[in-house]
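Structural overview for review
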Amino acid sequence: LPQLLYPVNYAPELRDTLFRRNALAIARSLLGPEARPAFEHAVLKPAGHGATTPWHQDEAHRFDPDFDYEQVSVWMPLQDVDQSNGCMLYMAGSHQEGLIRHKSPKDDPAVYALEADRALFDESQAVACPLKAGECVVHSGRTLHSAGPNRGETERIAYVLAFELPPKPRGTHREFRWNVERHPAALERRRDWRRRGGFIVEVLRRFRNRLPSNPLGLWYDARIALRAWLRRSR
Ligand SMILES: O=C(O)CCC(=O)C(=O)O
């Protein structure tokens, strides 16, 4: 599925929108006043597009399993959505469970998406969330979610803003094996771009798009920046 990572980097006017202000207020009411922007993307499902968004938990995309994450995503469709054109589907209560095993869809390590092991939950219990354009639904980093295909006659676009508390180092080690094994084309392209100097742009953007952070958040940001720097030279 075509998706744009960090649309705000291409359309700066997105930095000051009612959606961003409201989404941050929702995130802070759920996570607390320290909540800060973590990630954003826009997902396009073209008209009559058969692809579903695989079931997954957003935390599975994190590359450093040695931190604990508390995050929420605010998902807003730009047109009315229901089950005919790809509204969100959730497994109720899954946000209270731990992270389950994921893999690359169709075992293809070049795919960016991740898919939760479907043997570990009962898909028939999914709850659909139809919405009007501009309404939103909120899920945590551990909420199992998916979205159906777009069988409608117009495209389905969703704009998603994710927020997090500064990640905390974990006492115990864990592994996200699925991230070690995959090599998505999009991430390879980003690595090339970093190598050609994009690393500097990325660090500047990170600081521009972030709110002031506490020492824990700065420690996490420094670790991620260092990792990007090391990857840049590989
Ligand atoms: O819009 C979609 O199809 C899925 C979005 C999603 O999975 C997410 O934002 O976490």
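Residues numbered from 1 in each chain as written. Predicted model: local features only at pLDDT ≥ 70, side-chain atom pairs only at ≥ 80, totals over all residues. Heavy atoms only, no water.

A separate point is the site of the ligand. Taken together, His41, Val43, Lys45, Thr53, His56, Asp58, Trp75, His139, His145, Ala147, Arg156 and Val160 make up all the residues around the ligand. In the environment of the ligand, an oxygen atom lies 3.0 Å from a nitrogen or oxygen atom belonging to the side chain of His41. Within the side chain of Arg156, an N or O atom sits 2.8 Å from an oxygen atom of the ligand. For the ligand, the protein covers 96% of the area, taking 290 Å² as the surface of the free molecule. The element contributing the most residues to the shell around the ligand is strand β2 (residues 36-45), with three residues. Tallied by class, the residues present in the shell around the ligand amount to four nonpolar, five polar and three charged. (Near = heavy atom within 4 Å. Polar contact = N/O pair within 3.5 Å; in protein donor to acceptor, adjacent residues only side chain to side chain. Areas by Shrake-Rupley, 256 points an atom, 1.4 Å probe, with all protein chains shown as cover. Helix = DSSP H or I, 4+ residues; strand = E, 2+ residues; numbered from the N terminus. Nonpolar A, V, L, I, M, F, W, Y, C, P; charged D, E, K, R; others polar.)

As a further point, take the sheet that holds strand β6 (residues 88-90). Pairing is antiparallel in the open sheet, where four strands are placed in the order β3-β11-β6-β9. Each edge of the sheet is formed by a strand with only one pairing partner; in this case those strands are β3 (53-56) and β9 (127-129). In this sheet, neighbouring strand axes are inclined to one another by 25° on average, regardless of whether the strands run parallel or antiparallel. Relative to strand β11 (residues 145-147), β3 runs antiparallel, the two sharing two bridges. Residue pairing across strands places Thr53 opposite Ala147, the latter belonging to β11. (Pairing = 2+ DSSP bridges. Axes fitted to C-alpha atoms, helices over the stretch in contact; angles between N-to-C directions.)

Here we come to the environment of Leu30. The topology assignment puts Leu30 in helix α1 (residues 18-31). For Leu30, a relative accessible area of 53% corresponds to the exposed category. The sequence separation of Leu30 and Glu59 amounts to 29 residues, and the corresponding C-alpha distance is 17 Å. Ignoring sequence-local partners within four residues, the contact set of Leu30 consists of Val72 and Val138. (Buried < 20%, exposed > 50% of the residue type's maximum accessible area, 1.4 Å probe, protein only. Contact = heavy atoms within 4.5 Å.)

With that settled, consider the pattern of salt bridges. Per the counting criterion, the structure on display carries 17 salt bridges. In this structure, Glu164 and Arg36 form a salt bridge, with 2.8 Å as the shortest nitrogen-oxygen distance. In this pair, Glu164 is assigned in strand β12 (residues 156-164) and Arg36 in strand β2, connecting sequence segments 128 residues apart. Residue Glu164 is classed as buried on the basis of its relative accessible area, which comes to 1%. A salt bridge links Arg101 to Asp117, with the shortest nitrogen-to-oxygen separation between them at 2.5 Å. Of this pair, Arg101 sits in the loop between β6 and β7 (102-103) while Asp117 is found in the loop between β8 (115-116) and β9, placing the two residues 16 residues apart along the sequence. Several salt bridges share partner residues, and in doing so they unite Lys103, Asp107, Glu115, Arg118 and Glu123 into one network. (Salt bridge = Lys/Arg side-chain N within 4 Å of Asp/Glu carboxyl O.)

It is worth spelling out the environment of Gly148 at this point. Looking at where Gly148 falls in the secondary structure, it is placed in the loop between β11 and β12. When its relative accessible area of 13% is taken as the criterion, Gly148 is described as buried. Between the C-alpha atoms of Gly148 and Asn85, which are 63 residues apart in sequence, the distance is 7.1 Å. With sequence-adjacent residues up to four places away left out, Gly148 is seen in contact with Lys45, Ala51, Thr52, Gly86, Cys87 and Leu89.

Shape is all these values report; function is a separate question.
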